[in-house]
Amino acid sequence: MGGAVSAGEDNDELIDNLKEAQYIRTELVEQAFRAIDRADYYLEEFKDNAYKDLAWKHGNIHLSAPCIYSEVMEALDLQPGLSFLNLGSGTGYLSSMVGLILGPFGVNHGVELHSDVIEYAKQKLDFFIKTSDSFDKFEFCEPSFVTGNCLEISPDCTQYDRVYCGAGVQKEHEDYMKNLLKVGGILVMPLEEKLTKITRIGPSAWETKKILAVSFAPLIQPNHADSGKSRLVHLPPVAVRSLQDLARIAIRGTIKKIIHQETMGKNGNGLKNPPRFKRRRVRRRRMETIVFLDKEVFASRISNPSDDNNNSEDIEDERREEEETKPSELKPDPPVNFLREKVLSLPLPDPLKYYLLYYREK
């Protein structure tokens, strides 16, 4: 699946293309996509394909196409504080983007069939938390992953506000998926070759909307050949945050507000470095006339004697303009993690500073 939008040179350009094609339509979803670089979830030797609108699979590792993830994120209608269950959580890419929107008081669980993929997802999650500046721009709901078949979830598990299944669901499993939802919750899944959004509007009432045609590998059925018994999947309990953790969240939130107020005070509009826009020069071109007559094509060109001179002057002016602007364009200001700088400047013991920074490396 995929190929709906042009490839990007980098993550931001890919998101620009998804926005232009109306796959990304809301600010929250855009922020989450820009905060996490898709290439970070690829194996090194395949990163050249990371910004193409294509699915990727290597062994058990799989990523859906960006246009599919965009539609899923938009359909889920995520809000801070909700609970989310990702069935077939894979690399954790989607779960991490969701966690940026859910915030510190949400719930973010994933079930993945393959244990090697769980380990891969945990490595990618650890890399994001330790190295990405985006971690400090959001309050993150860290995903928790468990190994198992998502068709064998324990019947006494809690229900969720939002559920996504990343594999094709057979019609006989539709009710099973619906029962994972709280009333008012949203389920998004591939059902009968259509990405489908189901909203639970009452204890036994549902609204269904078909989003787009998709092609997903089907869910793998449970295999009880070895023991003859079902291996129930027990989801993580909903943890209550400690007072110490709540204090860290509150302190970081207060510091962010101070930084925002300072930035607004300095720049007026809150932009530290307003974007540079390069003035485009309109170059005069010869006018060509194409005439179609039956199956013959006739082309004529109307030239002005001064065109050649003017065109040469325009090219020279444009070249000088590019040389003048090139140094500033090639050397943008490096990004600054203001939260980290502010925390490190506080008159606090170093262990407390690093606790506030989640012991991150940069």
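Residues numbered from 1 in each chain as written. Predicted model: local features only at pLDDT ≥ 70, side-chain atom pairs only at ≥ 80, totals over all residues. Heavy atoms only, no water.

Caption draft 1: Focus on the pattern of salt bridges. Enumeration according to the criterion identifies 18 salt bridges in this entry. A salt bridge links Lys130 to Asp126; the shortest N-O distance between them is 3.4 Å. Taken together, the residues Lys130 and Asp126, both in helix α5 (residues 115-131) and 4 residues apart, mark about one turn of the helix. Lys130 sits in the partly exposed class, given a relative accessible area of 32%. The shortest N-O distance in the salt bridge between Asp245 and Arg248 comes to 3.2 Å. Here Asp245 pairs with Arg248, and both are found in helix α8 (residues 243-267), just 3 residues apart, close to one helical turn. (Salt bridge = Lys/Arg side-chain N within 4 Å of Asp/Glu carboxyl O. Helix = DSSP H or I, 4+ residues; strand = E, 2+ residues; numbered from the N terminus. Buried < 20%, exposed > 50% of the residue type's maximum accessible area, 1.4 Å probe, protein only.)

Caption draft 2: Just a nonpolar patch on the surface, in detail. Among the surface-exposed residues, Phe105, Leu243 and Leu246 lie close enough to one another that they form a single nonpolar patch of about 340 Å² accessible area. Within the secondary structure, Leu243 sits in helix α8. Accessibility expressed as a relative area gives 71% for Leu243, which makes it exposed. (Patch = residues over 30% accessible without salt bridge, like charges linked within 9 Å, V, L, I, M, F, W, Y side chains within 5 Å. Areas by Shrake-Rupley, 256 points an atom, 1.4 Å probe, with all protein chains shown as cover.)

Caption draft 3: Geometry of the side chain of Glu152. When you line up the elements, Glu152 lands in the loop between β5 (144-147) and β6 (160-165). The buried charged residue Glu152 lacks any salt bridge partner; its closest oppositely charged side chain belongs to Arg231, at an N-O distance of 5.5 Å. Within the local environment of Glu152, its side chain forms a polar contact with the backbone nitrogen of Arg231, the two atoms lying 3.4 Å apart. (Lys, Arg positive; Asp, Glu negative; His and termini not counted. Polar contact = N/O pair within 3.5 Å; in protein donor to acceptor, adjacent residues only side chain to side chain.)

Caption draft 4: Inspection of the packing of helix α2 (residues 27-35) against helix α4 (residues 93-102) at higher detail. One can describe the packing of α2 onto α4 by two numbers: an axis separation of 9 Å at closest approach and a directional angle of 125°. Judged by the inter-axis angle, α2 sits oblique to α4. In the packing of α2 onto α4, the handedness of the crossing is right-handed. Between α2 and α4, the contacting residues are Leu28, Val29, Ala32, Phe33 and Ala35 on the first element and Tyr93, Met97, Leu100 and Ile101 on the second. Each residue belonging to the contact of α2 with α4 can be placed in one class, and the counts come to 9 nonpolar, no polar and no charged. (Axes fitted to C-alpha atoms, helices over the stretch in contact; angles between N-to-C directions. Parallel < 35°, antiparallel > 145°, perpendicular 65-115°, else oblique. Left-handed = near helix turned anticlockwise from the far one by under 90°. Contact = heavy atoms within 4.5 Å. Nonpolar A, V, L, I, M, F, W, Y, C, P; charged D, E, K, R; others polar.)

Caption draft 5: Representation of unusual backbone geometry in the model. Of note, Glu193 is a non-glycine position whose phi angle comes to about 65°, a positive value. Note on Glu193: relative accessible area 48%, which makes it partly exposed. For Tyr359, which is not glycine, the phi torsion reads 55° and is therefore positive. Structurally, the position occupied by Tyr359 is in the segment after α11 (350-356). For Tyr359, a relative accessible area of 54% translates into the label exposed.

Caption draft 6: Structural view of the sheet that holds strand β8 (residues 194-202). Taken in spatial order, the 7 strands of this open sheet run β5-β4-β3-β6-β7-β8-β9, and their pairing is mixed. Only two strands of the sheet have a single neighbouring strand rather than two, namely β5 and β9 (205-213). Averaged over all pairs of adjacent strands, the angle between their axes in this sheet comes to 15°, without regard to strand direction. As defined by bridge partners, β8 adjoins β9 across 8 bridges and the pair is classed as antiparallel. Residue Lys197 lies in a different strand from β9, and its bridge partner there is Lys209. (Pairing = 2+ DSSP bridges.)

Caption draft 7: Spotlight on the packing of aromatic side chains. Per the stated rule, a full pass over the model turns up 9 aromatic pairs. Centroid distance Phe46 to Trp56: 5.6 Å. Interplanar angle 50°. Geometry classified as tilted. One end of the pair, Phe46, is in the loop between α2 and β1 (56-58); the other, Trp56, is in strand β1, and 10 residues separate them in sequence. Trp56 gets classed as buried once you look at its relative accessible area, which sits at 8%. Between Phe135 and Phe140, the aromatic rings sit 6.0 Å apart at their centres with planes inclined by 70°, giving edge-to-face as the arrangement. Residues Phe135 and Phe140 agree in their burial class; the two are buried. (Phe/Tyr/Trp six-rings, centres within 6.5 Å; stacked < 30°, edge-to-face > 60°.)

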